[in-house]
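# Analysis of the macromolecular model
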Amino acid sequence: MSSPAPKSPEQSEKNKKYDRQLRLWGDHGQAALESAHVCLINANGLGTEILKSLILPGIGAFTIVDGEKVTEEDIGCNFFLDHDSVGKSRAQATIQLLLELNPDVRGDYVDESVEQVLENNPDFFNNFSVVISTQISERVIIRLSKKLWELEIPFIACQSYGFIGYARIQVQEHTVIETHPDNEVPDLRLDKPFPSLKELIDSIDISKMELKDHAHVPYVVILYKCLQQWQQENEGQIPKTYREKESLRKLIRAEILNNDDGIPHDEENFEEAIKAVNTLAPTNIPSHVREILDDESCINLTSKSKPFWIMAKALREFVENEGAGALPLRGTLPDMTADTERYIHLQQVYHSQAAKDAEVMFRRVQQLLREINQSPDSITEKDVKLFCKHTSTMHLVRGSCIADDYDNKIFAQKLAPHLEDPESALVYAVLLRGVDRFRIAHGTYPGEYDDQVEPDIVKLKSCVSKLLNEWSCGPLAKDDYVHEICRYGGGELHSISAFVGGCIAQETIKFITSQYKPIHNTFIYDGITSNTASFTL
Amino acid sequence: MMGSGDGSDNLHHRWSHLRKILERPGPFCHPDFEASPETLNFLMNSCKILVIGAGGLGCELLKDLAYMGFRNIHVIDMDTIELSNLNRQFLFRHKDIGKSKAEVAANFINTRIQGCHVVPHFSKIQDFDESFYRQFHIVVCGLDSIVARRWINGMIISLLNYENGVLDTCSIIPIIDGGTEGFKGNVRVILPGMTACIDCTLDLFPPQITYPLCTIANTPRLPEHCIEYVKVIQWPKENPWSVPIDGDDPQHISWIYEKSSERAAQFSIPGVTYRLVQGVVKNIIPAVASTNAVVAAACATEAFKLATSCCLPLNNYMVFNDLEGVYTYAYEAERKEDCLACSQVPQKIEFKADCKLEELIAHLCESAQFRMRSPGITTQTGGHSRTLYMSTVASIEQQTRGNLRRTLQELGLSDGDQLLVADPTSPNTVVLQLKLLNSTT
Ligand SMILES: [Zn+2]
């Protein structure tokens, strides 16, 4: 027997291969990933682990910058090297095995150090989507971070050091429309019903219903009606305290039908209404959205403004005008106990109001584009619809330049509050800075050679003390961390690199797809205790 | 086989990262840790580790363990490679589609990493007995099935030795279990008989989403309801190819897609897409490379800690989520005093005498205490055993089907009787002490 069903476009090979991730970031997220080009500086174990989790999901292209030759130690922690790679260019050796992962991905390499590249080809970094570095020295990181800050390219500097993982993320500005929050409160507007919602609910008379109908009224209707009643007795307020909420719940409970013995029926829809009292909140502008609307980039558009800010400006105007203080309606209704007809009707009411709001927004966006002389095609109706659906959960990050971490005054201010906690994992960031100083002074990693561990402990301690002194911070609470870092001797543990590699690959995907909130801006993984921590520096 | 520090200079250098950690003392080490070359020697030449699953987590685990110094690794997986695995299961290529995951993965690792010896088993975990599992020092699970996890958990627990009620700690084989779903994951370390086991924390696994039949049939609201309707009601009725649904057959999926679109249109329900149909029919769990990498890496780190005593292991549960920044949280999951799998406490169940056998079975499947799949029940009275119901063998199912509608009293059960329950969630028969209540109470 043959299938009458039409061939669906979603059955393509590519869709099948990427199916499990398309369910997360969607076709548009995938398209962004496929047009991205990342640069990795230093293809050590951590570096290739990051690339692996970018190549597998199908990043467009990557470039490796690495002037090192493969050593025996490299082979012991880098999966993308063969046992006979020793002595070859590390960039060339790793790229070959990395490219085997996915024929959709393009890759190239430069077998020069990043210092040489910065020297000989200053425009080299201009067109990358994200630049990632592992294990680069203090002097280079300052130059590179300044350059990428100017270019507005996200930069992730990370390290895998013994049991410790570290990443510092630099991004001037990053905006996210789709943050994919875990538990989103539904946008129901029961305190500020729009006319068609009010009209629909007012037309429903629960009191005359038989049990079957009564038990299938969507909870939104029940909650709205009981809230109205409650508000009449409470000056139009929304219940805030536990007592107030309890009194609203009581009103809802009183509406449940009783059986012949006077015992309430099991009406799930009413139970849902009672539960929803907790999430009932006044319709307003969340503070993080307010900040975006009041941002300089939103208020003063220019011909160079990015689509996000143009839509934000349109949103600002919408809130002040048509929205009457509210964001555009999201237009989605959670599932609830109800019969099909009434649920779908209610859903349509929400949906069409959302479509109306989005249309108004789109007209405003078009108007703004004209005003700032941008092409009317630069923002599509689809873009605006997506934006409108997520206005309450959108996200803005303004980062800081890594070079500032090397300005003692600035850094002291950022660091000091965190170091007041003697257990803070940020101590490892301090130690890694100490290791940098150690390398500049002594040319090796502390503890790199078995017979130098003890003397190196003393030397590293002195490097760290000097740094803390420069930052006007007190000494470390205990020497244990210095001992532990010297024990590692610059060694890279593969499982620590794989952990950090996975995390950093995902952070890179967040920047590329503009979905999900990234780390802001410093991340530490302590493999000894299996803990992670994030800090804003 | 070459040792780690026995002369070969290049290998000496190759593993210098690990040697630094293992041959030097540190302030955060496990109190039992003794810095010495012997530890790496044990890891490389004596320690035997079992990886269960060669999928998203399994591929990562094999690589991570091999670089953490484990060289004697066994891997079990009964699955073959599919196209949709390739976005994360990095040991497989397009040309490998259809081949055994365990075999391809083992071969890849053995070729890439000199000295590593991975032994593949293209089999089910149930194909092996206690003598097989007893040979390992550590078991690491990268599974997507709760039933398989519970089975392994039960198996490893059955290897424990108790002498006069006291656990012989030498008989403990630690289990490290990883799980992922989208951007979320978890890692746990189980010391069977000492810390919380899989069955102790059954409530951590959310029950699978099911839609009530009346919603599907009478009041559909979501596209999922329409798809379930076609799957559960329309397919068995019309059965277009006279076979059960095969989620991997594009013709089947297309048929369901078309029929559920029709049903959705009839009720004005928006949102039926081909991708959603596939997801609902096959119960697809989203997966990305990065989460698998992270969770497997954390498992491998714990395996390294357990095998070398270089640090205290995770105690005992960690959740991971990188939806918003990177979030982890480690805590101690508690043992359940009357755990079905790891406690020595006899299990009791209470039922009324007029309760039907099918209700008892439903209870075993649905209650948070048991969460069984298809329990087969035997009773032992007066020295001989009698099967009350068993669904796994067709002929016995037919013979015992009539018992389902009979009450416990009618089946001749009395207070204090023992019910022996066999279920795919455990390799061991569970003994339940029946407390029969008077039907009037
Ligand atoms: Zn247990």
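Residues numbered from 1 in each chain as written. Chains lettered and ligands numbered in written order. Predicted model: local features only at pLDDT ≥ 70, side-chain atom pairs only at ≥ 80, totals over all residues. Heavy atoms only, no water.

### Digging into the overall build of chain A
Short version of the rule: By definition, any uninterrupted DSSP run of H or I lasting at least four residues is a helix, any uninterrupted run of E lasting at least two residues is a strand, and each is numbered from the N terminus. Summary of the burial criterion: residues with accessible area below 20% of their type's maximum are buried, those above 50% are exposed, and those between are partly exposed, where the area comes from a 1.4 Å probe applied to protein chains only. Should any heavy atoms of two residues lie within 4.5 Å, those residues are counted as being in contact. For accessible areas, the Shrake-Rupley method is used with a probe of radius 1.4 Å. Any residue's cover is judged against the shown protein chains and nothing else.
Of the regular secondary structure elements, chain A holds 22 helices and 10 strands. When burial is assessed residue by residue, chain A has 57% of its 537 residues classed as buried. Across chain A, the fraction of contacts at a sequence separation of at least 24, relative to all contacts at a separation of at least 6, is 69%. Split by element, the accessible area of chain A, about 22900 Å² in all, is 48% carbon and sulfur.

### Focus on the interface of chain A and chain B
The condition that has to hold: Buried area adds together the accessible area that both of two parts lose upon being put together, with accessible area traced by a 1.4 Å probe. Any Lys or Arg side-chain nitrogen located within 4 Å of an Asp or Glu carboxyl oxygen qualifies as a salt bridge. Pairs of N or O atoms within 3.5 Å make up the polar contacts considered here, provided that, within protein, one atom can donate a hydrogen while the other can accept it, and that residues adjacent in sequence are counted only when both atoms are side-chain atoms. Under the grouping applied here, Gly and all other residues not named as nonpolar or charged are polar, the nonpolar ones being Ala, Val, Leu, Ile, Met, Phe, Trp, Tyr, Cys and Pro and the charged ones Asp, Glu, Lys and Arg.
Contacts between the two partners involve 94 residues from chain A and, on the opposite side, 94 residues from chain B. Interface of chain A and chain B: buried area, both sides summed, is about 7800 Å²; carbon and sulfur atoms make up 58% of it. Of all residues in chain A, A:Arg20, A:Phe79 and A:Arg487 bury the most surface against chain B, accounting for 12% of the area lost on that side. Connecting chain A to chain B are 10 salt bridges. A:Lys517 serves as the salt-bridge partner of B:Glu324, at 3.6 Å between the closest nitrogen and oxygen. Linking chain A to chain B there are 39 residue pairs in polar contact (both at pLDDT 80 or more). If one sorts the elements of the side of chain A that touches chain B by residue count, helix α22 (residues 494–513) of chain A sits on top with 10 residues. In the side of chain A that touches chain B, the residues fall into 39 nonpolar, 29 polar and 26 charged.

### A few points about the sheet that holds strand β12 (residues 376–381) of chain B
Residues and elements named next belong to chain B. Worth spelling out the cut-off: Two strands form a pair only when DSSP identifies at least two bridges running between them. Lines fitted to C-alpha atoms define the axes here, with helix axes fitted over just the stretch in contact, and angles between the N-to-C directions of these axes take values from 0 to 180 degrees.
Reading across from one edge, β11-β15-β14-β12-β13 is the order of the five strands in this open sheet, with mixed pairing throughout. Each edge of the open sheet carries a strand with a single partner, namely β11 (347–352) and β13 (384–389). Here the strands of the sheet are splayed against their neighbours by 35° on average, with no regard to which way each runs. With five bridges joining them, β12 and β13 adopt antiparallel strand pairing. Counted as the bridge partner of Thr378 is Thr387 from β13.

### Focus on the state of the cysteines
Residue and element names in this part refer to chain A. Which entries qualify depends on this criterion: The disulfide criterion used throughout: a pair of cysteine sulfur atoms within 2.5 Å.
Applying the stated criterion across every chain, the model contains zero disulfides over all chains. Residue Cys39 stays outside any disulfide, its sulfur separated by 12 Å from that of Cys158, the closest cysteine. No disulfide involves Cys486; its sulfur sits 9.5 Å from the nearest other cysteine sulfur, which is in Cys463.

### Focus: the sheet that holds strand β6 (residues 164–170) of chain A
All names here are of chain A. Judged by pairing direction, the sheet is mixed, and its eight strands sit side by side in the order β3-β2-β1-β4-β5-β6-β9-β10 without closing on themselves. Single-partner strands in this sheet number two, and they are β3 (106–110) and β10 (531–535). Pairwise comparison of adjacent strand axes, ignoring direction, gives a mean angle of 15° for this sheet. Judged from the five bridges that link them, strand β1 (residues 37–41) and strand β2 (residues 61–65) form a sheet pairing that is parallel. Directly across from Ile41, in β2, lies its bridge partner Val65. Across the sheet, helix α7 (residues 138–151) lies against β1, β4 (130–134), β5 (155–161) and β6, angled at about 150° from β5, the strand it touches most.

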